[in-house]
Amino acid sequence: MKHGQRLLVVDDQESMRMLLCSALRAIGYTQIVAAADGAEALRQARGRLIDLVLMDVEMPVMNGFDALKAMRAEPE
């Protein structure tokens, strides 16, 4: 994976999102988008090319499994 690629980090715990984003930046990734639940992840992903998604599965509003299904259903 090239460091110029865009990553989406999704977790309902802010501390976990911050930890993951910080660790990814430390190894050279600069294009990181974060979301607090599956519904927000869908909003963040729309209209963007996302190369890799790191997603928690147990979240309020929309869990990771439902968010992944919705992402796969969208042609973009």
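Residues numbered from 1 in each chain as written. Predicted model: local features only at pLDDT ≥ 70, side-chain atom pairs only at ≥ 80, totals over all residues. Heavy atoms only, no water.

Engineer: Give a description of the overall build of the chain that names residues and reports values.
Structural biologist: Helix and strand counts for the chain stand at three helices and three strands. The order of α-helices and β-strands along the chain, N terminus first, is β-α-β-α-β-α. Its C-alpha atoms give the chain a radius of gyration of 12 Å, within 12% of the compact-globule value 11 Å for 76 residues. Across the 76 residues in the chain, those meeting the buried criterion constitute 29%. (Helix = DSSP H or I, 4+ residues; strand = E, 2+ residues; numbered from the N terminus. Rg over C-alpha atoms; globule rule 2.2 N^0.38 Å. Buried < 20%, exposed > 50% of the residue type's maximum accessible area, 1.4 Å probe, protein only.)

Engineer: Just give me the short version of the nonpolar core, but keep the residues and values in it.
Structural biologist: Grouped together as the largest cluster of nonpolar side chains are nine residues: Leu8, Val10, Val33, Ala35, Ala41, Leu42, Ala45, Met59 and Met71. Elements with a minimum of two residues in this core: β1 (7–10), β2 (32–35) and α2 (38–45). Here methionine 71 is in contact with Leu8, Ala41, Leu42, Ala45, Val53 and Met55, once residues within four sequence places are set aside. With six residues, the next largest nonpolar core counts Val9, Cys21, Tyr29 and Ile32 among its residues. (Core = buried A, V, L, I, M, F, W, Y, C linked by side-chain atoms within 4.5 Å. Contact = heavy atoms within 4.5 Å.)

Engineer: Provide a residue-level description of the packing of α2 against helix α3 (residues 64–73), including the pertinent values.
Structural biologist: Look at α2 against α3: their axes get within 9 Å of each other, and the N-to-C directions meet at 25°. With respect to each other, α2 and α3 are oriented roughly parallel. When the axes of α2 and α3 are compared, the crossing they make is right-handed. On α3, the residues that touch Gly38, Ala41, Leu42 and Ala45 of α2 are Ala67, Ala70 and Met71. Residue composition of the contact of α2 with α3, grouped by class: six nonpolar, one polar and no charged. (Axes fitted to C-alpha atoms, helices over the stretch in contact; angles between N-to-C directions. Parallel < 35°, antiparallel > 145°, perpendicular 65-115°, else oblique. Left-handed = near helix turned anticlockwise from the far one by under 90°. Nonpolar A, V, L, I, M, F, W, Y, C, P; charged D, E, K, R; others polar.)

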